[in-house]
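Structural description and commentary
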Amino acid sequence: MESLDMKKIIVTGGAGFIGSALIRYLIRETDCTVCNLDKLTYAGNRESLKEVADSPRYSFAHLDICDREGVTRLFAEFQPDTIMHLAAESHVDRSIDAPLEFVRTNVLGTANLLQCALEYWRGLPEERQTAFRFQHISTDEVYGSLGEDGFFAETTPYDPKSPYSASKASSDHMVRAWGHTFGMPVLISNCSNNYGPYHFPEKLIPLVILNALDGKPLPVYGRGANVRDWLYVEDHAKALWLINQRGVPGETYNIGGHNERTNLEVVETICRILDELRPKTAGRYADQITFVADRPGHDLRYAIDATKLTRDLGWHAEENFDTGIRKTIQWYLDNAWWWEPIRAQKYAGERLGKQK
Ligand SMILES: NC(=O)c1ccc[n+]([C@@H]2O[C@H](COP(=O)([O-])OP(=O)(O)OC[C@H]3O[C@@H](n4cnc5c(N)ncnc54)[C@H](O)[C@@H]3O)[C@@H](O)[C@H]2O)c1
C-alpha cells in the first residue's frame, strides 16, 4: 500500500521477528523514515535488518524502553509522527522461567514509553497532535483460551493465563487508559501466532525446522492437540501499517488469518515438506517427533475473528498456512547464514519453561 504521507516513525523492538519484518516493509513499500529503538536482548538481531541497513531512511537507537531519559532524548531529536510499539519479552516459556523480566519490559517499559510519548505529544502543535499515533502491538493471548468452538472478537473479555499474556494484557489496559485519560491518539491490535523468515528458533516452527535438519528430536508438547491460528509475518506487517494509516484512534483491531492447526499438524506438515525439499538419506523427518511433558497452564486453543479489520479497513491475508509454511521452510533452507550463529551462540534448542 502506498503511504499517505512521509511519516517519521519510531518502531520499538525493530530488531525482533515482527519488528524487523515491519521495518523491511516500511522501507521497501513507503517513503517513511524509520528509527528502530531496540535494547538488543537475546531476541534482537541487527542481521535481520541487513536489507535496509544502508537506507538513508533507516536509523538505529540502542535503547531500553524503560530508560526515561534516553527515550525522551530520542523523541526530542527524531521528532516522530508515530510510535509503533513492538518491544517486548515475547516467549511464553521464558515467562514461566523469569516472569519479572516480562513485568519489567512489557508492563513498566510500556508505561514509561507511554509517559515519554505523552510529554512529547503535549509539546506538538495542534495539527501534529491530531495526526500523531501511539500504536501498540499486542497478542490474542490476552483473551485467554477457547474451547473447541468460537473465536476471539475485539469485545471478548480479557482472561490472560500466562505471565506473558498477563503482562501484555496489562500493557493494553495502560495504552487504553493513556488514550482515554489524556486524549493521546492510541491504536491497539491483537494478533494471532506469527511465523515466517527471521523467527528466533525458540518458537515452535523454526525450532522444528532446524531440529529436523540437525537430526534432533522434534518436541511436541503433551499430545500436540493445542490449536493456534497461524499468520504469515508479512501479512501482519501490512495489517499494522494499514491500521496506522486508517485505523480510528481509540479502537482495537484483531488480526488473524483463519488458519487453525493443531501443533501436531504443524509439525507433521513441516516434516512432509522437508521430506520433499531436503530428503533424508534414510527414513523420514516425522520419525524424529517426540512427545514431551506439556507446558504448565498450556492454553488449549486460540482463534481470531478479524472481521472488523477486513470490513472497516479492507485487510486480507495474502498467504494461507500451506503457502506461508512452504515459503518459510525454503527461507530457512536458503539462509543458514542467519540462523547458524544463533544456534551456535545463543540458543541451541533446549527445553524452556518446564517449571522447576
Ligand atoms: N510472535 C508472535 O506470534 C506475536 C503475535 C502477536 C503479537 N506479538 C507481539 O508483537 C511484538 C513483537 O513480537 P516478536 O515475536 O517480534 O518478539 P521478539 O521477541 O522476536 O522481539 C522483541 C524485540 O524487542 C526487543 N526488546 C525486548 N525488551 C526490550 C526493551 N526493554 N527495550 C527495547 N527493546 C526491547 C528485543 O531486543 C527484540 O528485538 C511483541 O509485543 C509481541 O507481544 C507477537
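Per-chain numbering applies: the sequence of each chain, read as written, is numbered from 1 onward. Selection of residues for local features in this predicted model requires a pLDDT of at least 70, selection of side-chain atom pairs for listing and counting requires 80 or more, and totals for whole chains, interfaces and linings are taken over all residues. Excluded from the side-chain calculation are hydrogens and water; included are all heavy atoms of the structure.

Helix numbers and strand numbers start at the N terminus; a helix is a DSSP run of H or I with at least 4 residues, a strand a run of E with at least 2. A count of helical and extended segments in the protein gives 12 helices and 13 strands. At 20 Å, the protein has a C-alpha radius of gyration in line with the 21 Å of a compact globule built from 356 residues. In terms of its C-alpha atoms, the protein occupies a principal-axis envelope of roughly 65 × 45 × 40 Å. A total of 356 residues make up the protein; the buried ones form 58% of that total. Note on contacts: a residue pair is in contact if any heavy atoms of the two residues lie within 4.5 Å. A separation threshold of at least 6 residues defines the contact pool for the protein, and within that pool the share at least 24 residues apart is 82%. For accessible areas, the Shrake-Rupley method is used with a probe of radius 1.4 Å. Any residue's cover is judged against the shown protein chains and nothing else. Of the roughly 14800 Å² of accessible surface on the protein, 51% is carried by carbon and sulfur atoms. Here the globule rule is a power law, 2.2 Å times the number of residues to the power 0.38, and the radius of gyration is based on C-alpha atoms. Per-residue accessibility, obtained with a 1.4 Å probe over protein chains only, is compared with the maximum for each type, and a residue is labelled buried under 20%, exposed over 50%, and partly exposed between these values.

Moving on: the packing of helix 7 (residues 204-214) against helix 11 (residues 321-334). Packed helix pairs are characterised by how far apart their axes lie and by the angle those axes make with each other. Close contact between helix 7 and helix 11 brings their axes to 11 Å; oriented N to C, the two are set at 50°. Accordingly, the angle class assigned to the pair helix 7 and helix 11 is oblique. The handedness of the crossing between helix 7 and helix 11 is right-handed. Contacts between helix 7 and helix 11 involve I205, P206, I209, L210 and L213 on the former and, on the latter, F321, I325, T328, I329, Y332 and L333. Gly is placed with the polar residues, together with every amino acid not listed as nonpolar (Ala, Val, Leu, Ile, Met, Phe, Trp, Tyr, Cys and Pro) or charged (Asp, Glu, Lys and Arg). Of the residues in the contact of helix 7 with helix 11, the class split is 10 nonpolar, 1 polar and no charged. Angles run from 0 to 180 degrees between N-to-C directions of axes, and those axes are lines fitted to C-alpha atoms, restricted for helices to the stretch in contact. In this scheme, roughly parallel covers angles under 35 degrees and roughly antiparallel covers those over 145, while 65 to 115 is roughly perpendicular and the rest are oblique. Here a crossing is called left-handed whenever its near helix is offset anticlockwise from the far helix by less than a right angle, and right-handed whenever the offset is clockwise.

The next thing to look at is the nonpolar core. The biggest cluster of nonpolar side chains holds 43 residues, and the ones touching the most others in it are V11, L26, M84 and I255. Elements represented by at least two residues in this core include exactly strand 1 (8-12), helix 1 (17-29), strand 6 (186-191), helix 8 (233-246), strand 11 (252-255) and helix 10 (307-313). At 8 residues, helix 1 tops the list of elements feeding residues into this core. Apart from residues no more than four positions distant in its own chain, M84 is found in contact with I9, I10, V11, T12, L22, L26, Q135, I137, L240, W241 and N244. As used here, the term nonpolar core means buried Ala, Val, Leu, Ile, Met, Phe, Trp, Tyr and Cys residues forming a set that is joined through side-chain atoms within 4.5 Å. By size, the runner-up hydrophobic cluster in this structure holds 32 residues, among which are I205, L207, I209 and W331.

Take a nonpolar patch on the surface next. Put simply, a patch holds well-exposed residues, over 30% relative accessible area, that have no salt bridge, with like charges counted together within 9 Å and Val, Leu, Ile, Met, Phe, Trp or Tyr side chains within 5 Å. Any carboxyl oxygen of Asp or Glu within 4 Å of a side-chain nitrogen of Lys or Arg constitutes a salt bridge here. On the surface, a nonpolar cluster with roughly 310 Å² of combined accessible area is contributed by L100, V103 and L108. Position of V103 among the secondary structure elements: in helix 4 (residues 99-122). Assessed through its relative accessible area of 37%, V103 is described here as partly exposed.

Not every one of the 28 residues close to the ligand is listed here, only the nearest: I18, D38, S90, Y164 and K168. Here a polar contact is taken to be a pair of N or O atoms separated by no more than 3.5 Å, where protein atoms must pair a possible hydrogen donor with a possible acceptor and residues adjacent in sequence count only if both atoms sit in side chains. Take T41: an N or O atom from its main chain is 3.0 Å from an oxygen atom of the ligand. In this structure, an oxygen atom belonging to the ligand sits 2.7 Å away from a side-chain N or O atom of S90. Protein coverage of the free-state accessible area of the ligand, which is 840 Å², stands at 96%. Residue assignment for the shell around the ligand shows that the elements contributing at least two residues are helix 1, strand 5 (133-139) and helix 6 (163-182). Per element, the largest residue contribution to the shell around the ligand is 3 residues, and it comes from strand 5. In terms of residue class, the shell around the ligand is built from 13 nonpolar, 11 polar and 4 charged. Any residue with a non-hydrogen atom lying within 4 Å of a molecule or strand is treated as near it.

Nothing here speaks to function; it is all geometry.
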